[in-house]
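Coordinates in review
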Amino acid sequence: MEHSIVSLLLLLLLCVSPWQVTAPAPAPANGTDGGGGGRPRVPAVLVFGDSIVDTGNNNAVMTLTRSDFRPYGKDLNGGVPTGRFSNGRVPPDLLASRLGLKDLVPPYLGTDIADEDLLTGVSFGSGGTGYDPLTSTLVAVLPMQEELNMFAEYKQKLVEIAGDAAAARIVSESLFVVCAGTDDIANNYFLSPVRPLQYDISSYVDFLTQLAYDFIKQLHRQGARRIAVLGMPPIGCVPSQRSTAGAGDGVSDCDEARNRAARLFNAKLEQEITCLKKTLQLQTIGYVDIYGILDDMIADPGKYGFDVSTRGCCGAGMFEVTLLCNEVTATTCADDRKYVFWDSFHPTERAYSVIVDYLYPRYVEKLL
């Protein structure tokens, strides 16, 4: 099975790289009504990163790293897949709801977005990407630099809708969320042979941290003033990584090498953000620790109302992710509310809800 995953990556390189954008599709019902009730805390939420925050951008990209097919999205939008890598809503949606903006955050690409949705925020995230440009190349998805380019284009659209002054205010007062790095470790360094020949893991983490630092500075130069930057989760405890690193049984112990890399990155990222605050004289840039809450959920799922945390709900829950999680070859569990993970890499909507509810008062509110 591990060999088949590597073969899939090689196929992506040979057949669909570099990434290409397809024509827009009709916009799904994105629910622009404020989900949190009352006055929104910020004008908009603008999201950058990987599959945790991709709400459908990869639908418009010529890549096999996608989720616009069943059983993805079975508990959202009447069961019609939207391109979110879960059974339902994902963190940008849940965060926008908490902020009182809307229930669903649309992807920037691939749909005709209403002016109201542009004004209140979109996701630029692309599943499979990372800070390292090689990570996106391996699976033919949008590099992080292209997400910044799309943001620049988005700002022009804001000006056309609201005028220069209002557009500048929206950008400066909005909440920016950056979530990347996991694929750099899981699907690049530990799966592809290129980076390990160039870096040991400590040097590679230094490389990633510098790229993350540069990305945040570029966001700031483009007008961002409230920026939440997520660290990495316990990558070695994700079902697919347990299986890849272990015996392939889906219940092997967490892989400590991957977890150690995640912790090292998180420590360095937090240090860099502290330095950025001083350099930019801006206190509304914050590090968000996602490692601790997810690590605890996996170690003690019953504490959070779950039964299963070592495998996903889709198929056997060990390797099924993206194309391998489909309704033809992989049945889903009877009750996904009992599972921390939807497929072998991404949490369920319910697990995401627990995580966002935990992180919001501890990290996000301090930036508002």
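Note that the coordinates shown come from a computational prediction; the quantities given were computed from them, not determined experimentally. (Residues numbered from 1 in each chain as written. Predicted model: local features only at pLDDT ≥ 70, side-chain atom pairs only at ≥ 80, totals over all residues. Heavy atoms only, no water.)

**Some remarks on unusual backbone geometry**
The omega angle of the peptide bond from Arg70 to Pro71 is 10 degrees, so this bond is cis rather than trans. Mapped onto the elements of the fold, Pro71 is located in the loop between strand S1 (45-49) and helix H2 (91-98). Not every positive phi belongs to a glycine, and Asn77 is a case in point at roughly 60 degrees. In this fold, Asn77 is placed in the loop between S1 and H2. (Helix = DSSP H or I, 4+ residues; strand = E, 2+ residues; numbered from the N terminus.)

**Re the state of the cysteines**
Following the criterion strictly, the structure yields three disulfides and no others. Here Cys237 connects covalently by a disulfide to Cys254, the sulfurs 2.1 Å from one another. With the S-S dihedral at roughly 115 degrees, the linkage between Cys237 and Cys254 falls on the right-handed side. Here Cys237, found in the loop between strand S3 (226-230) and helix H10 (239-245), pairs with Cys254, found in the loop between H10 and helix H11 (256-280); they are 17 residues apart in sequence, far enough to count as distant. Overall, the relative accessible area of 2% leaves Cys237 in the buried class. Sulfur-sulfur distance for the disulfide between Cys313 and Cys333 comes to 2.0 Å. Judged by the sign of its S-S torsion, about -95 degrees, the cystine formed by Cys313 and Cys333 is left-handed. (Disulfide = S-S within 2.5 Å. Buried < 20%, exposed > 50% of the residue type's maximum accessible area, 1.4 Å probe, protein only.)

**Here's the deal with the sheet that holds strand S2 (residues 175-179)**
Read from one edge of the open sheet, four strands run S1-S2-S3-S4, paired in parallel fashion. The strands lining the two open edges of the sheet, one partner per strand, are S1 and strand S4 (285-288). Mean inter-strand twist for the sheet, computed between neighbouring axes without regard to direction, equals 20 degrees. With four bridges joining them, S3 and S4 adopt parallel strand pairing. (Pairing = 2+ DSSP bridges. Axes fitted to C-alpha atoms, helices over the stretch in contact; angles between N-to-C directions.)

**Re the confidence of the model for the protein**
This prediction gives the protein a mean pLDDT of 91; 88% of its residues lie at or above 70. For the stretch residues 1-18, pLDDT sits under 50, and the model shows 25 contacts to residues farther than four places along the chain or on other chains. Every residue in residues 29-36 is under pLDDT 50, and counting partners more than four places away or in other chains gives 27 contacts. (pLDDT = per-residue confidence, 0-100. Contact = heavy atoms within 4.5 Å.)

**Considering H11**
With 25 residues, H11 should reach 36 Å at 1.5 Å per residue; the first-to-last C-alpha distance of 35 Å fits that figure. Every buried residue belonging to H11 is among Arg258, Asn259, Ala261, Ala262, Phe265, Asn266, Leu269, Ile273 and Leu276, and all of these are buried. Buried residues belonging to H11 abut helix H7 (182-189), helix H9 (201-221), S3, H10, S4 and helix H12 (291-299). One or two steps after H11, the chain reaches Gln281, where phi turns positive at roughly 50 degrees. (Expected span 1.5 Å × (residues − 1).)

**Thoughts on the pairing of S3**
Most of S3 sits inside the fold, with five of its five residues counted as buried. Residues Arg226, Ala228 and Leu230 point to one face of S3 and Ile227 and Val229 to the other, with burial holding for every one of them. As paired strands, S2 and S3 are joined by five bridges and run parallel to one another. Looking across to S3, one finds that Phe176 is bridged to Ile227.

**What about the nonpolar core?**
The nonpolar side chains of a soluble globular protein tend to be buried, and buried together. One finds Tyr131 and Leu219 to be the most contacted residues of the largest nonpolar core, which totals 100 residues. Top element by residues in this core is H9. It accounts for eight residues. (Core = buried A, V, L, I, M, F, W, Y, C linked by side-chain atoms within 4.5 Å.)

**Some points on the side chain of Asp93**
Here Asp93 lies in helix H2. By relative accessible area, which is 0% here, Asp93 ends up buried. One polar contact links the side chain of Asp93 to the main-chain amide nitrogen of Val105, over a distance of 2.7 Å. (Polar contact = N/O pair within 3.5 Å; in protein donor to acceptor, adjacent residues only side chain to side chain.)

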